[in-house]
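Architecture and fold: a report
The residues making up each chain are set out below.
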Amino acid sequence: KKAHYFTHMKTDFQTTNFVLYGSQTSEYSSQIYQQILNQLKKIVSKSDIKFVLTNPENLDKDLMTLDGPSYFFPLFLMDGVEYNSFKNKIEKDFFYEKEIALPLSEYPRFLKKLFIDSPKSIYLMHGSKKYNNAQKHAKIIEFGKSAGDHHFCFLEGEPYFKTFIENQ
């Protein structure tokens, strides 16, 4: 539950703004994102950082309110289309010094939280028919399997979740 994966900010990067980006826009998702941001505020000792919570509906407006070096933390599990679109937008439209965090799959502490105390679980990821899901999600799958008896399937592509579950 703690936001340890946020604490790797570069020490030579003088952040003025911390932007937490959640890709979902529902009221429930916004509440969860706000809880994450509130936890982060508690562990960051630098009090002059402006914390911003944004999503696809508000990103353009929120970028216009920021000036100065900014750290962008998108809540994407992997380096996929959504992550790359977000990253390209920030690189193209934000003219101050910036740092963009890696997808969550790059943080072993985060992955450990996913897989702890959940043996024999089936993890359903979105996936795609356009690429090899096992290859694209290899880091997550390898970490999960090393943490116990975990299985993986996808909404799109192989292994397809309905077929996978029928065979269990």
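Everything here concerns the structure above.
The residue numbering used here restarts from 1 in each chain and proceeds along that chain's sequence as written. Thresholds applied to this predicted model are a pLDDT of at least 70 for local features of residues and 80 or more for the giving and counting of side-chain atom pairs; totals over whole chains, interfaces and linings are not thresholded and use all residues. Heavy atoms throughout the structure, all of them, feed into the side-chain values; hydrogens and water do not.

Digging into the environment of Pro-56
Put simply, the rule is: Here a strand is any run of E in DSSP of at least two residues, a helix any run of H or I of at least four, and the numbering for each starts at the N terminus. When accessible area is computed with a 1.4 Å probe and restricted to protein chains, residues below 20% of their type maximum are described as buried, those above 50% as exposed, and intermediate ones as partly exposed. The contact definition used throughout considers only heavy atoms, calling two residues in contact when any of these lie within 4.5 Å.
Assignment of secondary structure puts Pro-56 in the loop between β2 (50-54) and α2 (59-65). Its relative accessible area of 45% is what places Pro-56 among the partly exposed residues. Here the alpha-carbon distance between Pro-56 and Tyr-107, two residues 51 residues apart in the chain, equals 23 Å. Not counting residues within four places of it along the chain, the set of residues in contact with Pro-56 comprises Tyr-21, Gly-22, Ser-23 and Thr-25.

What to know about helix α4 (residues 108-115)
To be explicit about the condition: To obtain the arc, one takes the directions from the helix axis to the C-beta atoms.
Residues of α4 that are buried: Phe-110, Leu-111 and Phe-115. Buried residues of α4, viewed axially, fall in a sector of 130°; they line one side. Opposite the packed face of α4, turned more than 90 degrees from it, sit the exposed residues Arg-109 and Lys-113. Those residues of α4 that are buried lie in contact with β5 (122-127), α6 (138-146) and β6 (151-156).

As for the packing of α4 against α6
In plain terms, the rule: A fitted line through C-alpha atoms serves as each axis, taken over the contacting stretch for helices, and the angle formed by two N-to-C directions is quoted from 0 to 180°. Geometric relationships in this document are graded by angle, where less than 35 degrees denotes roughly parallel, more than 145 denotes roughly antiparallel, 65 to 115 denotes roughly perpendicular, and other angles denote oblique. Each crossing gets its hand from how the near helix is turned against the far one by less than a right angle, where anticlockwise is left-handed and clockwise is right-handed.
Packing of α4 against α6 leaves a shortest axis separation of 10 Å and a crossing angle of 55°. Overall, the two elements α4 and α6 adopt an arrangement that is oblique. The handedness of the crossing between α4 and α6 is right-handed. Two secondary-structure elements touch here, α4 through Pro-108, Leu-111, Lys-112 and Phe-115 and α6 through Ile-140, Phe-143 and Gly-144.

Let's talk about unusual backbone geometry
Of note, the amide linkage connecting Glu-158 to Pro-159 takes the cis form, showing an omega dihedral of -10°. Locating Pro-159 in the fold gives a position in the loop between β6 and α7 (161-166).

Considering the pattern of salt bridges
Quick note on the threshold: One side-chain nitrogen of Lys or Arg within 4 Å of one carboxyl oxygen of Asp or Glu is enough to make a salt bridge.
In the structure shown here, the tally under the stated rule is five salt bridges. For Lys-92, the salt bridge identified is with Asp-93, shortest N-O distance 3.3 Å. On the accessibility criterion, Lys-92 (61% relative accessible area) is exposed. Where salt bridges share partners, they join Asp-60, Lys-89, Lys-92 and Asp-93 into one cluster.

A few points about the nonpolar core
Where we set the bar: The criterion is simple. A nonpolar core is a set of buried Ala, Val, Leu, Ile, Met, Phe, Trp, Tyr and Cys residues joined through side-chain atoms within 4.5 Å.
If you look at the biggest cluster of nonpolar residues, it comprises 24 residues, and the most contacted ones within it are Phe-18, Leu-20, Phe-73, Leu-75, Ile-140 and Phe-152. Within the residue set of this core, elements represented by two or more residues are β1 (17-21), α1 (27-43), β3 (70-74), α4, β5, α6 and β6. The residues contacting Ile-140, other than those within four sequence positions of it, are Leu-77, Met-78, Ser-105, Leu-111, Phe-115, Met-125 and Phe-152. Counting residues in hydrophobic clusters, the runner-up holds 13 residues, among them Leu-66, Phe-76, Phe-86 and Ile-90.

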